[in-house]
Amino acid sequence: MKEAKARLPRRLFVRISRSHIVNIAHAVRVDQDLVRVGGKELRIGKVYKRHVLEQLPG
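Quick notes on the rules
- Residues numbered from 1 in each chain as written.
- Predicted model: local features only at pLDDT ≥ 70, side-chain atom pairs only at ≥ 80, totals over all residues.
- Heavy atoms only, no water.
- UniProt positions renumbered as here; feature names shortened; annotations may be inferred.
- Helix = DSSP H or I, 4+ residues; strand = E, 2+ residues; numbered from the N terminus.
- pLDDT = per-residue confidence, 0-100.
- Pairing = 2+ DSSP bridges.
- Axes fitted to C-alpha atoms, helices over the stretch in contact; angles between N-to-C directions.
- Salt bridge = Lys/Arg side-chain N within 4 Å of Asp/Glu carboxyl O.
- Buried < 20%, exposed > 50% of the residue type's maximum accessible area, 1.4 Å probe, protein only.
- Lys, Arg positive; Asp, Glu negative; His and termini not counted.
- Polar contact = N/O pair within 3.5 Å; in protein donor to acceptor, adjacent residues only side chain to side chain.
- Contact = heavy atoms within 4.5 Å.

A. Region of the structure containing the UniProt feature "domain: HTH LytTR-type" (unreviewed entry) in the protein. Mapped onto the present numbering, the UniProt feature "domain: HTH LytTR-type" (unreviewed entry) falls on residues 1-33. Across residues 1-33, helical content stands at 18% and strand content at 30%; the span's end C-alpha atoms are separated by 21 Å.

B. Structural view of the confidence of the model for the protein. For the protein, the average pLDDT comes to 92, and 98% of its residues sit at 70 or higher. Ranking the elements of the protein by mean pLDDT puts helix α2 (residues 49-55) last with 90 and strand β5 (residues 40-43) first with 96.

C. Spotlight on the sheet that holds β5. With antiparallel pairing, three strands are arranged side by side in an open sheet as β3-β4-β5. Only two strands of the sheet have a single partner each, and these edge strands are β3 (27-30) and β5. Strand after strand, the sheet turns through a mean of 25 degrees between neighbouring axes, direction not considered. Relative to β5, strand β4 (residues 34-37) runs antiparallel, the two being bridged by four bridges.

D. Quick peek at the pattern of salt bridges. Enumeration over the complete set of coordinates arrives at six salt bridges. With a closest N to O distance of 3.2 Å, Arg-29 and Asp-31 form a salt bridge. What makes Asp-31 partly exposed here is its relative accessible area of 30%. Here the salt bridges do not stand alone but share partners, grouping Arg-29, Asp-31, Arg-36 and Glu-41 into one network.

E. Summary view of the pairing of β3. Two elements, β3 and β4, share three bridges in a ladder whose sense is antiparallel. Within the sheet, the bridge partner assigned to Val-30 lies in β4 and is Val-35. In textbook terms, the turn of a hairpin is the stretch between consecutive antiparallel strands, and for β3 and β4 this stretch comprises three residues.

F. Seen up close, the environment of Lys-46. Along the chain, the position of Lys-46 falls in the loop between β5 and α2. Taking the C-alpha atoms as reference points, Lys-46 and Asp-33, 13 residues apart in sequence, are found 8.5 Å from one another.

G. Fine view of the side chain of Arg-15. On the secondary structure map, Arg-15 appears in strand β1 (residues 13-15). No salt bridge is formed by the buried Arg-15. Its closest oppositely charged neighbour is Glu-3, at 11 Å. A polar atom in the side chain of Arg-15 sits 3.0 Å from the backbone oxygen of Ser-17. Here the side chain of Arg-15 touches Arg-18 through a polar contact of 3.0 Å, landing on its backbone oxygen. Apart from residues lying up to four places away in sequence, Arg-15 is in contact with Met-1, Lys-2, Lys-5, His-20, Ile-21, Tyr-48 and Val-52.

What follows is the structure, encoded as structure tokens:
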């Protein structure tokens, strides 16, 4: 996952957990623990939470 993240443009993608990288343009909704992308809600990992909330305004 680390290698995949390194290949993606930083300003367009954010890693939200060990298993998920999200395109910022497709993030519909963000709260303290979840990011909604399309019809799915993905949990934000504890380690990534601060960075995600800085990158994705609620």
